[in-house]
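This is what each chain is made of:
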Amino acid sequence: MRVAIFGQGYVASILAVGLQRIKNGEIGYEGIPLADCIPRKIEDIELTTAFDIDVSKVGRRLSEVVQAYWHDGIKFENDYEVKLGYEDMRGRGVDVDFEEVVGQLIDEYRRADVEIFVNLITTEKAEPFEDVQELKRAIRENDVDRVSPAQLYFYSVAEYERPSAFINCIPSPIANDPACVELASRSKTVIFGDDGASGATPLTADLLAHLQQRGRKVLCISQFNIGGNTDFLSLMEPERNASKETTKSSIVSDILGYDVPHFIKPTGYLEPLGDKKFVAMHIPYISFNGAEDELIINARINDSPALAGLIVDLIRLAALAIERNEFGTVYPINAFYMKMPGPKEARAIPKMFAFELVKSWVYETPSIKAT
Ligand SMILES: NC(=O)c1ccc[n+]([C@@H]2O[C@H](COP(=O)([O-])OP(=O)(O)OC[C@H]3O[C@@H](n4cnc5c(N)ncnc54)[C@H](O)[C@@H]3O)[C@@H](O)[C@H]2O)c1
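A brief look at the structure comes next.

About the criteria used
Residues numbered from 1 in each chain as written. Predicted model: local features only at pLDDT ≥ 70, side-chain atom pairs only at ≥ 80, totals over all residues. Heavy atoms only, no water. Near = heavy atom within 4 Å. Polar contact = N/O pair within 3.5 Å; in protein donor to acceptor, adjacent residues only side chain to side chain. Areas by Shrake-Rupley, 256 points an atom, 1.4 Å probe, with all protein chains shown as cover. Domains from an automatic or database assignment. Salt bridge = Lys/Arg side-chain N within 4 Å of Asp/Glu carboxyl O. Helix = DSSP H or I, 4+ residues; strand = E, 2+ residues; numbered from the N terminus. 1 Å grid on protein atoms, 1.4 Å probe; cavity = no way out; pocket = protein on both sides within 12 Å on 5 of 7 lines; lining within 4 Å. Points joined across faces, edges and corners; volume = space filled by probe spheres on them. Nonpolar A, V, L, I, M, F, W, Y, C, P; charged D, E, K, R; others polar. Buried < 20%, exposed > 50% of the residue type's maximum accessible area, 1.4 Å probe, protein only. Contact = heavy atoms within 4.5 Å. Phe/Tyr/Trp six-rings, centres within 6.5 Å; stacked < 30°, edge-to-face > 60°. Lys NZ or Arg CZ within 6 Å of the ring centre and 35° of its normal. Pairing = 2+ DSSP bridges. Axes fitted to C-alpha atoms, helices over the stretch in contact; angles between N-to-C directions.

### Side note on the site of the ligand
Neighbouring the ligand are 28 residues, the closest being Asp 52, Lys 57, Ile 121, Tyr 153 and Thr 230. Tyr 10 has a polar backbone atom sitting 2.9 Å from an oxygen atom of the ligand. Within the side chain of Tyr 153, a nitrogen or oxygen atom sits 2.7 Å from a nitrogen atom of the ligand. Relative to its free-state accessible area of 840 Å², the ligand is covered by the protein chains to the extent of 94%. Taken together, domain 1 (2-196 + 306-362) and domain 2 (200-301) each give at least three residues to the shell around the ligand, which thus spans both.

### A few points about the pattern of salt bridges
Per the counting criterion, the structure on display carries 22 salt bridges. Salt-bridge contacts for Arg 186 lead to Glu 182; the nearest nitrogen and oxygen are separated by 2.4 Å. Of the two residues, Arg 186 and Glu 182 both sit in helix H6 (residues 178-186), 4 residues apart, roughly one turn of that helix. Across the pair Lys 359 and Glu 356 runs a salt bridge, and its minimum N-O distance is 3.8 Å. Taken together, the residues span about one helical turn, with Lys 359 and Glu 356 both in helix H12 (residues 351-362) at a distance of 3 residues.

### Thoughts on the layout of surface pockets
By volume, the largest pocket is sized at about 960 Å³. Along the wall of the largest pocket there are 44 residues; nearest its centre are Leu 120, Ile 121, Thr 122, Thr 123 and Asp 231. Mapped by element, the contributors of at least two residues to the lining of the largest pocket are helix H1 (10-23), strand E2 (46-52), helix H5 (149-159), helix H8 (230-235), helix H9 (238-256) and helix H10 (303-323). It is H8 that provides the largest number of residues to the lining of the largest pocket, a total of 5 residues. A breakdown of the residues in the lining of the largest pocket according to their chemical character gives 17 nonpolar, 12 polar and 15 charged. Both of domain 1 (2-196 + 306-362) and domain 2 (200-301) provide at least three residues apiece to the lining of the largest pocket. The calculated volume of the second largest pocket comes to roughly 480 Å³. Surrounding the second largest pocket, 27 residues form its lining, Ile 14, Glu 30, Pro 305, Ala 308 and Gly 309 being those nearest its centre. Listed by contribution, the elements that provide at least two residues to the lining of the second largest pocket are H1 and H10.

### Regarding unusual backbone geometry
The step from Gly 193 to Asp 194 runs through a cis peptide bond, and the omega angle for that step is 5 degrees. Looking at the secondary structure, you find Asp 194 in the loop between strand E6 (189-192) and helix H7 (200-213). Here the residue pair Gly 342 and Pro 343 is connected by a cis peptide bond, since its omega of 5 degrees sits within 30 degrees of zero. Looking at where Pro 343 falls in the secondary structure, it is placed in the loop between helix H11 (331-337) and H12. A positive phi angle, close to 65 degrees, is found at Asn 289, a residue other than glycine. Following the sequence through the fold, Asn 289 ends up in the loop between strand E10 (276-286) and strand E11 (292-302). Exposure remark for Asn 289: the relative accessible area of 73% places this residue in the exposed category. Here the phi dihedral of Asn 325 falls at roughly 60 degrees; this positive angle occurs in a residue that is not glycine. On the accessibility criterion, Asn 325 (52% relative accessible area) is exposed.

### Remarks on the environment of Ser 304
The residue Ser 304 is located in helix H10 in this model. By relative accessible area, Ser 304 is classed as buried at 2%. Apart from the residues within four sequence positions on either side, Ser 304 is in contact with Tyr 10, Val 11, Ile 14, Asn 229 and Asp 275.

### Some words on the packing of aromatic side chains
The description of two aromatic rings rests on the distance between their centres and on the angle between their planes. All told, the structure shown has 15 aromatic pairs when counted by the stated rule. Ring geometry for Phe 51 against Tyr 109: centres 5.9 Å apart, planes inclined by 85 degrees, an arrangement best described as edge-to-face. Taken together, the positions of Phe 51 in strand E2 and Tyr 109 in helix H3 (residues 98-112) put the pair 58 residues apart, joining distant regions of the chain. Assigned by exposure class, Phe 51 and Tyr 109 land together as buried. An aromatic cluster of three or more residues is present, and its members are Phe 6, Phe 51, Tyr 109, Phe 117, Tyr 153, Phe 154, Tyr 160 and Phe 166. Just above the ring of Phe 129 sits the side chain of Arg 146; from NZ or CZ to the centre is 3.9 Å. Sitting above the plane of the Trp 361 ring, Arg 324 keeps its charged end 4.3 Å from the centroid.

### Quick notes on the sheet that holds strand E3 (residues 82-84)
In space, the 7 strands of this open sheet follow the order E3-E2-E1-E4-E5-E6-E12, with parallel pairing throughout. The open sheet is flanked by E3 and strand E12 (328-329), the only strands paired with a single partner. As defined by bridge partners, strand E4 (residues 116-119) adjoins strand E5 (residues 164-168) across 4 bridges and the pair is classed as parallel. Each residue of the ladder has a partner; that of Val 118, found in E5, is Ile 167. Across the sheet, H6 touches E6 and E12, and the angle it forms with E6 is around 145 degrees.

Structure, rendered in structure tokens:
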């Protein structure tokens, strides 16, 4: 399984370190949900290239970039050089020739002989195209203010002549954009997305299901996340945080069947916390005879390894989906691994149910509807 990464940041670097340490026999499969269930070996995943826009990373070897995130030193079997990606040009008043950018990206994909792409760039604001003609128009007319980097990367993968997969771990609507899903079906591309479901949100989803099954009425939900990595730093920009808020909040009405006042979004940046974020949750609810109970949870969670472990599964599931010709998007996989599972009309369901869906898909009994 030959993989390319968009965004060689914390998650991508911990993914590379963890995979290499597994290959070296230094660590086990902890944190990989379907470690032994997927008929593809973790050891056969090969990270072949990455694209970034940070000048301190572009042109550097993986091992040099990783030093910022992992201090124990590690030798990679493929110590690739980070390539220059596509920078966000919206609102900058510059001319871009999309055909040329896409052509250059595809040349790199061919050189690295890639079939699976993982999107881990900084959270961005992006609007869905809805209609595939509108997406094609924006690309054809070089409408630089309309197309986000994640959308451009997806388009380049769809244009790549080889059947391939685009795993969208960030909130930009790709699996939730009917335009992208249609283009993917036509161009033999698999999409998984959107926004990797690591950290506090899956826990909240399962707790809400627990309360809903017992007929308890949730009154409100507070969920705080404070972290010290660059992902949290970037989310302090209101526009970027807004896109994260949309993905996280949809779980409430999807799971409870009604909406309640809630605050579920990254709350703050505190540098000394580093990657190990602080999560606090408070959920008051009404029980039998009007009794008022409340759940109060405090946790410290290492952010990047939580998502990197899921990506180890997603890469192997992508290889299976390509082999099975399941192009477009695959709901049973998105339902478990993503905060906002595509396609657009699909609901977020508790992760403990979605886990059974994804296992059935792996064992090839997929009769699951998206709604
Ligand atoms: N557990 C988690 O950490 C978690 C969970 C869910 C989703 N995510 C998402 O994963 C993404 C990556 O998280 P991270 O902690 O690695 O962040 P990070 O800030 O460490 O890494 C992001 C990288 O993307 C690069 N980048 C920015 N714009 C780019 C572009 N146009 N092209 C190529 N590269 C670009 C940055 O230079 C940086 O190297 C974030 O968008 C985040 O929302 C993370």
